[in-house]
Amino acid sequence: MSFFEKMKEGAAKAAEKAKETVEVTRLNAQIGAKKKEIEKLQQNIGELVYQSYLSKDADLESRTVSLCMQIADRYQDIAALELKIKEVKNEKVCVCGAELAADIRFCPSCGHQFEPKPAEPDKTAPVSALGSGKAEDDQ
Ligand SMILES: [Zn+2]
């Protein structure tokens, strides 16, 4: 590879990294927004409980549960966004909790062996590339 080609490759990698950073920033902003929504819902619950206390509202529980479910939804969204960030950063999480590059085969901290194929099927990949023959022997 020529010096110029190496330079071009370096520039492409830098551009890729910048795109990755933008995407992670965008996802983190979404997580921040969800956390604000959770705070707001928690305030609503507090307000609701107090109003119910004042008015002896019998429907308190179902209304509180509904708000709690909305909060649980936000936490699910956040978990999904955090997973997306790992995907964008090309990371996976080991059973031991270590964060590793997606293409790594063995966890350096606990020795866990990963399946050769990616955990999530790539929709753009041709179907013929998947599930052809047996996976290579383990151990
Ligand atoms: Zn591990």
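Structural data are supplied above this passage.
Residues numbered from 1 in each chain as written. Predicted model: local features only at pLDDT ≥ 70, side-chain atom pairs only at ≥ 80, totals over all residues. Heavy atoms only, no water.

## Here's the deal with the coordination of the zinc ion
- Within the protein, the zinc ion binds to Cys-94 (SG), Cys-96 (SG), Cys-107 (SG) and Cys-110 (SG); these donor distances fall in the range 2.2 to 2.3 Å.
- Each of the four donor atoms around the zinc ion contributes to a set of angles spanning 102 to 113°, which defines the coordination as tetrahedral.
- Along the chain, the residues that donate to the zinc ion are spaced as C-x1-C-x10-C-x2-C. Placement of the pair is Cys-94 in the loop between β1 (91-93) and β2 (99-101) and Cys-107 in the segment after β2, with a sequence separation of 13 residues.
- Owing to a relative accessible area of 5%, Cys-94 belongs among the buried residues under this scheme.
- A relative accessible area of 3% means that Cys-107 is categorised as buried. (Donors = N, O, S within 2.8 Å, 3.2 Å for Na, K, Ca; no water. Tetrahedral: all angles 85-135°; square planar, octahedral: opposite > 155°, others 65-115°. Helix = DSSP H or I, 4+ residues; strand = E, 2+ residues; numbered from the N terminus. Buried < 20%, exposed > 50% of the residue type's maximum accessible area, 1.4 Å probe, protein only.)

## Thoughts on the packing of aromatic side chains
- Applying the stated criterion across every chain, the model contains one aromatic pair.
- It is Lys-92 that lies over the ring of Phe-114; its NZ or CZ is 4.0 Å from the centre. (Phe/Tyr/Trp six-rings, centres within 6.5 Å; stacked < 30°, edge-to-face > 60°. Lys NZ or Arg CZ within 6 Å of the ring centre and 35° of its normal.)

Worth remembering: the numbers are spatial, not functional.
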